[in-house]
Structure formats: C-alpha cells, structure tokens
Amino acid sequence: MVAAGAALADEVGLAHLTMGLLAERLGVRTPSLYKHVGGQEDLNRRIAVLASSEAADAVGIAVQGYAGRDALAAAARAFRAFVLEHHGRYAATVGVEPTGPDDPMAAASERLLGSFMAVLRGYDIAESDVNHALRMLRSLCHGFATLQAANGFQWSTDIDESFDWLISFADRGLRAMSKS
C-alpha cells in the first residue's frame, strides 16, 4: 500500500494525495486503509522512509568506484534523476525527522548521508567543515532538482548545461576547502 501511495504521490503530487484517493486507486473503501496505516500523516511518513531508502540506493550505487569530481557528479546526477522521476514521494522527505534511533527514517537518512560523506572523503575536507559541506551539497542538489521538477527554469539556457556548471562550481569550492 505504501508503494501505491508513493506512486500516486508521484502522479498527483504529495499535496494532493489523500487516503480517499489512494483507496479509490486500490479499489477499496477508505476505512480499509486504516488497517495498514494510522492515517494521512503515517502514510506520508512511510512514503518518506521509502523515498529516502530509494534515494540512498540510487546515490550509493552511483558513487561506487568514483572519487573527487567524478563521485560528486555521479551523486548529484543520481539524486537529481531520482527527484525528477519521483517528485511526489521525494517531497514527503522534506522536514521529516527520525523519532529515535530505531525509526526506519533514521536508517534511510543515514544511508543517504553516508553516500554524500563518501563523496566528501575524496576532497580531504577538515572535520570541522564536513557538516557545512554536506549542507551545501544537499542545498545544491535539492534546490536544483526541486526547481526543475516544478518547471522553475523557464529560460532558454540548457538545463543540463546549468547542472554541469553547478557540479563544476561545487567541485571547485570543495577543492578549495581541502586540507592539503
């Protein structure tokens, strides 16, 4: 049922996903859904866990065997592709905090964070700057992908060119922060 909810969120947008619409899609009555989830908030949270896990898989696979700019480009492209393909379910991840160490959201978020940490290891960044670098990468990737998914780039410059420019910009900045 969560996968069906995630697919429906991708189709109609998370803001338009309702228990009634999901029940209709599944061919059941709305009260039947409450046997599986506690309500709309619980459904959205479960979609967030699914999306975070899927994004972690996509980025983790993409960066394997790469370092430095190549790892950065692979991670950024995989993340962007995930958000563009699954914009509804990805929207569920924004602002969701784990409720504790056993929360599946904590594990999914940690795996995604680990993939971006692997990218940063190729830059030899001071430990005191790692959190800042992670936030910068998240802001760049999230911002670009969500703007693109919302058709926020409506001028003539090629979007892929702009994304490659963004990757080069981030690479130069990360190299400048290197300890060596």
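As shown above, the structure is provided for reference.
Residues numbered from 1 in each chain as written. Predicted model: local features only at pLDDT ≥ 70, side-chain atom pairs only at ≥ 80, totals over all residues. Heavy atoms only, no water.

A.B. asks: How should the overall build of the protein chain be read in this particular structure?
C.D. replies: When helices and strands are counted, the protein chain shows nine helices and zero strands. Written out in order from the N terminus, the α and β elements of the protein chain read α-α-α-α-α-α-α-α-α. With the principal axes as the frame, the protein chain shows a C-alpha extent of 60 × 45 × 25 Å. With 180 residues in all, the protein chain has 41% of them scored as buried. (Helix = DSSP H or I, 4+ residues; strand = E, 2+ residues; numbered from the N terminus. Buried < 20%, exposed > 50% of the residue type's maximum accessible area, 1.4 Å probe, protein only.)

A.B. asks: Hey, could you run me through the packing of helix α4 (residues 40-63) against helix α7 (residues 104-121) in this one?
C.D. replies: Between α4 and α7, the shortest axis-to-axis distance is 8 Å and the interhelical angle comes to 25°. Taken together, α4 and α7 sit at an angle that is classed as roughly parallel. Between α4 and α7 lies a crossing whose hand is left-handed. Between α4 and α7, the residues in contact are Arg45, Ala48, Val49, Ser52, Ser53, Ala55, Ala56, Asp57, Val59, Gly60 and Val63 and Pro104, Met105, Ala108, Arg111, Leu112, Ser115, Phe116 and Val119, respectively. Its residues assigned to classes, the contact of α4 with α7 comprises 12 nonpolar, four polar and three charged. (Axes fitted to C-alpha atoms, helices over the stretch in contact; angles between N-to-C directions. Parallel < 35°, antiparallel > 145°, perpendicular 65-115°, else oblique. Left-handed = near helix turned anticlockwise from the far one by under 90°. Contact = heavy atoms within 4.5 Å. Nonpolar A, V, L, I, M, F, W, Y, C, P; charged D, E, K, R; others polar.)

A.B. asks: Any chance you could explain α4 here in plain terms?
C.D. replies: Since the α-helix advances by 3.6 residues per turn, residues separated by three or four positions end up pointing in the same direction. With 24 residues, α4 extends 34 Å from end C-alpha to end C-alpha; this agrees with the ideal 34 Å at 1.5 Å per step. Within α4 the residues assigned to the buried category are Leu43, Ile47, Ala48, Val49, Ala51, Ser52, Ala55, Ala56, Val59, Gly60, Ala62 and Val63. Where α4 is buried, its residues touch α1 (2-12), α2 (19-26), α5 (68-85), α6 (87-91) and α7. Backbone geometry just after α4 places Gly65 at a positive phi near 85°. (Expected span 1.5 Å × (residues − 1).)

A.B. asks: What am I meant to see in helix α9 (residues 159-176) here?
C.D. replies: Helix length check: α9 (18 residues) gives 26 Å between terminal C-alpha atoms against 26 Å at 1.5 Å per residue, within 8%. Turning to α9, its buried residues are Phe163, Leu166, Ile167, Ala170, Asp171 and Leu174. In a view along the axis of α9, the buried residues occupy a sector of 135°, so they form one face of it. Exposed residues lying more than 90 degrees from the buried face of α9 are Glu161, Trp165 and Ala176. Each element contacted by the buried residues of α9 is listed here: α5, α7 and α8 (130-149). (Arc of directions from axis to C-beta.)

A.B. asks: How should the packing of aromatic side chains be read in this particular structure?
C.D. replies: How two aromatic rings sit relative to each other is set out by the distance from centre to centre and by the angle between their planes. Following the criterion strictly, the structure yields six aromatic pairs and no others. A connected cluster of aromatic rings, assembled from ring pairs, spans Phe144, Phe153, Trp155 and Phe163. (Phe/Tyr/Trp six-rings, centres within 6.5 Å; stacked < 30°, edge-to-face > 60°.)

A.B. asks: Even after reading the chapter, I still don't get the pattern of salt bridges, so can you show me in this structure?
C.D. replies: Where side chains of opposite charge bring their charged atoms close, a pairing between them can arise. Scanning all chains against the criterion turns up nine salt bridges. When the shortest N-O distance is used, the salt bridge between Arg46 and Asp42 registers 3.1 Å. Placement of the pair is Arg46 and Asp42 together in helix α4, with a separation of four residues, close to one helical turn. In this structure Arg46 comes out as partly exposed when scored by relative accessible area, which is 38%. Between Glu54 and Arg89 there is a salt bridge whose closest N-O contact spans 2.9 Å. Taken as a pair, Glu54 in helix α4 and Arg89 in helix α6 lie far apart in primary sequence, 35 residues in all. Judged by its relative accessible area of 24%, Glu54 falls in the partly exposed class. For Arg89, a relative accessible area of 8% translates into the label buried. (Salt bridge = Lys/Arg side-chain N within 4 Å of Asp/Glu carboxyl O.)

On their own, these measurements won't tell you what the molecule is for.
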